[in-house]
Amino acid sequence: MTDLANEIILHNYPQSPVAEKVRVGLGIKKLPWASVEIPRLPPKPMLIKLTGGYRRTPVMQIGADIYCDSHAILREIENRHPSPSFFPASDAGLMWSLSRWTD
Ligand SMILES: N[C@@H](CCC(=O)N[C@@H](CS)C(=O)NCC(=O)O)C(=O)O
């Protein structure tokens, strides 16, 4: 039976490089996830209602919780599913700052 409260739903579109980063993260952790394809450009009336105004891609939904921004998404995935870790060494802070720079 599907655990809907914990199901990961990614609002994204295939060509989004930032969404791809999250999709790779989900793959590293071998997590099942559902995809909702959203428009590349505004108007995005359904997404805007879901996020309260945030328009960018990707957005993650788990139950009634909504995560906007790939860093917030990856951080939450790491919190909920710590193994295997995105941060096998002790330099998580350096990796977060480098990833913001490379984005
Ligand atoms: N800081 C955001 C950036 C997201 C972002 O810029 N996504 C692009 C698509 S790859 C986007 O939504 N662009 C359309 C827009 O800014 O309205 C994140 O890391 O999630």
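Residues numbered from 1 in each chain as written. Predicted model: local features only at pLDDT ≥ 70, side-chain atom pairs only at ≥ 80, totals over all residues. Heavy atoms only, no water.

Student: A description of the site of the ligand should follow, citing residues and the corresponding values.
Tutor: Taken together, the residues surrounding the ligand are Y13, S16, P17, V18, Y54, R55, R56, T57, P58, D69, S70 and R100. Contact distances for the ligand include 2.9 Å between a nitrogen atom and a side-chain N or O atom of D69. Between the ligand and S70, the relevant distance is 2.6 Å, taken from an oxygen atom to a side-chain nitrogen or oxygen of the residue. Notes on the ligand: free accessible area 510 Å², of which the protein chains cover 79%. (Near = heavy atom within 4 Å. Polar contact = N/O pair within 3.5 Å; in protein donor to acceptor, adjacent residues only side chain to side chain. Areas by Shrake-Rupley, 256 points an atom, 1.4 Å probe, with all protein chains shown as cover.)

Student: How would you summarise the side chain of E76 if you had to cite specific residues and measurements?
Tutor: Looking at the element boundaries, E76 is found in helix 3 (residues 70-80). Reaching out from E76, the side chain makes a polar contact with the side chain of Y67 at a distance of 3.3 Å. Among the polar contacts listed, one links the side chain of E76 to the side chain of R80, at a separation of 2.7 Å. (Helix = DSSP H or I, 4+ residues; strand = E, 2+ residues; numbered from the N terminus.)

Student: Kindly report on the sheet that holds strand 3 (residues 59-62), identifying the contributing residues and their values.
Tutor: Consider a sheet: its strands pair through backbone hydrogen bonds, and that pairing is either parallel or antiparallel. Taken together, the four strands give an open sheet; going across it, the order is 2-1-3-4, and neighbouring strands pair in mixed fashion. Single-partner strands in this sheet number two, and they are strand 2 (34-37) and strand 4 (65-68). Mean inter-strand twist for the sheet, computed between neighbouring axes without regard to direction, equals 20 degrees. Pairing between strand 1 (residues 8-12) and strand 2: four bridges, direction parallel. (Pairing = 2+ DSSP bridges. Axes fitted to C-alpha atoms, helices over the stretch in contact; angles between N-to-C directions.)

Student: Hey, could you go over the packing of helix 1 (residues 17-28) against helix 3 for me, with residue numbers and the actual values?
Tutor: Helix 3 packs onto helix 1 with a crossing angle of 5 degrees between their chain directions and a minimal axis gap of 10 Å. Between helix 1 and helix 3, the interaxial angle falls into the category roughly parallel. Residues V18, K21, V22, G25 and L26 of helix 1 form the contact with helix 3, whose participating residues are S70, H71, I73, L74 and I77. Considering only residue class, the contact of helix 1 with helix 3 consists of six nonpolar, three polar and one charged. (Parallel < 35°, antiparallel > 145°, perpendicular 65-115°, else oblique. Contact = heavy atoms within 4.5 Å. Nonpolar A, V, L, I, M, F, W, Y, C, P; charged D, E, K, R; others polar.)

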